[in-house]
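Descriptive structure summary
Here is what each chain is made of, one letter per residue.
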Amino acid sequence: MDTLKRNKDNRIDYGVILPVFLLCLIGLLSLYVALTHDPRDPNIFRGIAMQGLWYALGALVVVIIMHLDAKWLWRITPFLYVIGLAVMLALLRYYDPELATSTGSKNWFRVGTMTFQPSELMKVAYILMMALIITQHNLKNHLRTLKTDLFLIGKLFLVTIPVLVLVMMQKDFGTMLVFLAIFAGMFLMSGISWLIVVPSIIIVAVLGTSIILLVTTEFGRELLTHVGFKSYQFARIDSWLDPFHDPQGQSFQLAHALMAIGSGGMFGTGYNVSNVYVPVRESDMIFSVIGENFGFIGGAFVILLYFVLIYRMIRVCFDMNNEFYAYIATGIIMMILFHVFENIGANIGLLPLTGIPLPFISQGGSSILGNMMGIGLILSMRYQTAKKLENRRSRRV
């Protein structure tokens with residue numbers, strides 16, 4: 001019995017579980033502060049209870065996914081991808097009009113008082129589909145050439161373009177950036193020749209720099225307006241370039257987030273102390289709560305937890321002798337890393353605001369479930385690999 005228990009413990013990567021648990025705990029503490037000082041007078045107990053329920057549901061999802069081996073994932077991946085596309089397509093017709101009016105994005109379903117964002121779960125289905133395609137391609141093409149690499153890129157675009165089109169139709173620019181970050185990470189890790197990778201990086205860098213330069217001129221803004229840029233996107237970039245250019249208007253949210261974080265100093269103002277009001281603090285701006293209450297030390301600790309989590313997930317990539325698993329891990333790492341980088345970067349003024357939540361901390365069931373699914377996939381890699389090794393040893397005995 002003791003041996004069986006010890007074997008099961010060895011299958012579980014506690015180095016991944018511990019930082020996730022601590023981040024969830026910080027999320028509950030931060031959410032309580034955000035809701036307590038929200039002038040809209042929300043139901044604090046309901047908000048905390050719902051967040052706790054989502055954490056519990058997410059933990060259950062982790063346990064279920066952890067018991068799925070690579071063969072099961074391989075078989076169900078195409079179905080998950082198609083179902084995800086169908087749900088996102090349905091969202092264009094059955095989106096929540098109230099949230100669409102307040103946020104400008106048609107990316108939420110509503111069932112009674114509950115809302116749900118399908119794109120958060122689609123991220124995981126997309127990662128699985130990309131990993132499947134890359135692995136299948138590499139198995140069939142042991143000798144890599146520019147021709148086979150271009151063929152692989154074409155297949156990756158075939159599964160990426162429908163997702164991006166649907167996200168663009170939902171007017172969710174932040175989520176589109178997440179999918180592009182996932183694509184970029186898996187593209188770089190897929191073994192494609194540097195003769196293709198280097199020019200691609202240069203093109204993306206030039207394109208991004210050109211867009212920023214265009215935003216700073218009237219002619220450039222007119223040009224960008226014709227290709228689909230909206231006024232609120234220009235406003236976010238203006239606030240990013242100069243957070244205090246209109247602190248009572250367009251840049252109110254970012255300016256007050258910076259003041260809240262700045263007021264925390266080195267050690268913070270103390271738990272549940274809020275001297276600066278920041279809109280949407282329970283979600284996109286949750287890091288401003290951490291910065292104000294716990295100061296630089298608290299913010300650095302949260303970032304350290306994310307670094308530990310990312311490091312442990314990278315270790316999975318190196319420890320697993322399974323190409324499919326390695327590409328899945330790459331996609332999940334990029335998904336979580338980009339969320340952290342963009343959210344914290346936006347809160348401290350390094351990046352424009354895009355409405356991306358902070359993983360495991362921000363309020364939101366869809367985001368929690370999507371990230372927990374990713375953690376479940378990471379844990380399943382260690383669990384299933386250790387299980388197979390144990391089975392082989394028992395057969396030899």
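Located above this text is the structure these notes cover.
On a predicted model such as this, the values are computed, not experimentally measured, just so you know.

Re empty space enclosed by the protein
If you walk through the whole model with that rule in mind, you get 1 cavity of 30 Å³ or more. Space inside the largest cavity adds up to approximately 40 Å³. Lining the largest cavity, in full, are Asp284, Glu342, Asn343, Ala346, Asn347, Leu353, Thr354, Gly355 and Ile356. The residue makeup of the lining of the largest cavity, split by class, is 3 nonpolar, 4 polar and 2 charged.

Section: the layout of surface pockets
Empty space within the second largest pocket amounts to approximately 340 Å³. If you trace the second largest pocket, you find 18 residues lining it, with Leu80, Leu121, Val124, Ala125 and Met373 closest to the centre. Of the residues that constitute the lining of the second largest pocket, the class distribution is 17 nonpolar, 1 polar and no charged.

Some details on helix α14 (residues 323-347)
Across its 25 residues, α14 extends 36 Å between first and last C-alpha, which sits within 8% of the 36 Å expected from 1.5 Å per residue. Counting buried positions along α14 gives 20 out of 25 residues, so the element sits mostly inside the fold. Residue Asn322 occupies the N-cap position of α14, its side-chain oxygen lying 3.0 Å from the main-chain nitrogen of Phe324.

Details of unusual backbone geometry
For Asn272, which is not glycine, the phi dihedral falls at a positive 65°. Within the element layout of this structure, Asn272 appears in the loop between α12 (252-264) and α13 (286-319). For Asn272, a relative accessible area of 24% corresponds to the partly exposed category. Even without being a glycine, Phe360 presents a positive backbone phi close to 70°. With respect to the helices, strands and loops of the structure, Phe360 is situated in the loop between α14 and α15 (365-396). Judged by its relative accessible area of 1%, Phe360 is buried.

Thresholds applied
- Residues numbered from 1 in each chain as written.
- Predicted model: local features only at pLDDT ≥ 70, side-chain atom pairs only at ≥ 80, totals over all residues.
- Heavy atoms only, no water.
- 1 Å grid on protein atoms, 1.4 Å probe; cavity = no way out; pocket = protein on both sides within 12 Å on 5 of 7 lines; lining within 4 Å.
- Points joined across faces, edges and corners; volume = space filled by probe spheres on them.
- Nonpolar A, V, L, I, M, F, W, Y, C, P; charged D, E, K, R; others polar.
- Helix = DSSP H or I, 4+ residues; strand = E, 2+ residues; numbered from the N terminus.
- Expected span 1.5 Å × (residues − 1).
- Buried < 20%, exposed > 50% of the residue type's maximum accessible area, 1.4 Å probe, protein only.
- Polar contact = N/O pair within 3.5 Å; in protein donor to acceptor, adjacent residues only side chain to side chain.

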